[in-house]
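One-letter residues, chain by chain:
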Amino acid sequence: MRKVRPVQALAMVLSSLAAVTLIQASCAVVSARPIQVTLRDGGIEPREIDVTQGATVDIVVRNEGSQIHNFVVPDFYVFTQNLQPGETVTVSFVPDKTGNFRYYSDRDGIPEVGMQGTMKVASQPGAEQ
């Protein structure tokens, strides 16, 4: 049986931990702060959202209108329930493609007038589409 010195054993353990940490860091995609979306009768803010492909997107949607509204990003299968005035919901998803995608509040499947925006999904932060 081969004897391993304590210093060698410690070096092997630390080396293994460093390798695992590097692998986890290269695979991890960190979510930015939640994006705040406000729905008002006839308007949605912001009108443009920039996100990164593969990164978790958290959106806090608040209905500040006097009517029922919802939030839809059909290209990523995001569909909130109908929100009563003053109600808030958080949605999370991971964009799996790049490009420009519409989001909106709809009524009977039809986007409401003035309640539309564009989500720009880049392959890396700050990249152009």
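Up top is the structure these notes are about.
Everything numeric here is computed off the predicted structure, so don't read it as measured data. (Residues numbered from 1 in each chain as written. Predicted model: local features only at pLDDT ≥ 70, side-chain atom pairs only at ≥ 80, totals over all residues. Heavy atoms only, no water.)

Draft legend 1. Spotlight on the pattern of salt bridges. This structure, assessed with the given rule, holds 5 salt bridges. The residue R40 makes a salt bridge to E45 at a minimum N-O spacing of 3.2 Å. The exposure class of R40 is partly exposed, given its relative accessible area of 32%. On the accessibility criterion, E45 (45% relative accessible area) is partly exposed. We note a salt bridge from R62 to E64, for which the minimum N-O separation is 3.7 Å. For R62, a relative accessible area of 35% gives the class partly exposed. Taking the relative accessible area as the measure of exposure, E64 reaches 42% and is therefore partly exposed. (Salt bridge = Lys/Arg side-chain N within 4 Å of Asp/Glu carboxyl O. Buried < 20%, exposed > 50% of the residue type's maximum accessible area, 1.4 Å probe, protein only.)

Draft legend 2. Representation of unusual backbone geometry within the structure. In this chain, E45 is followed by P46 through a cis amide linkage whose omega measures -5 degrees. Mapped onto the elements, P46 comes out in the loop between β2 (43–45) and β3 (48–52). Look at D108: it is not a glycine, yet its phi comes out positive at around 55 degrees. Position of D108 among the secondary structure elements: in the loop between β8 (99–107) and β9 (110–122). Relative accessible area serves as the criterion here: at 77%, D108 is assigned to the exposed category. (Helix = DSSP H or I, 4+ residues; strand = E, 2+ residues; numbered from the N terminus.)

Draft legend 3. Representation of the side chain of T80. Structurally, the position occupied by T80 is in the loop between β6 (78–79) and β7 (88–93). A relative accessible area of 10% means that T80 is categorised as buried. A distance of 2.9 Å separates a polar atom in the side chain of T80 from the backbone nitrogen of F71. Sequence-distant contacts of T80, defined by excluding residues within four places in its chain, comprise N70, F71, V89 and V91. (Polar contact = N/O pair within 3.5 Å; in protein donor to acceptor, adjacent residues only side chain to side chain. Contact = heavy atoms within 4.5 Å.)

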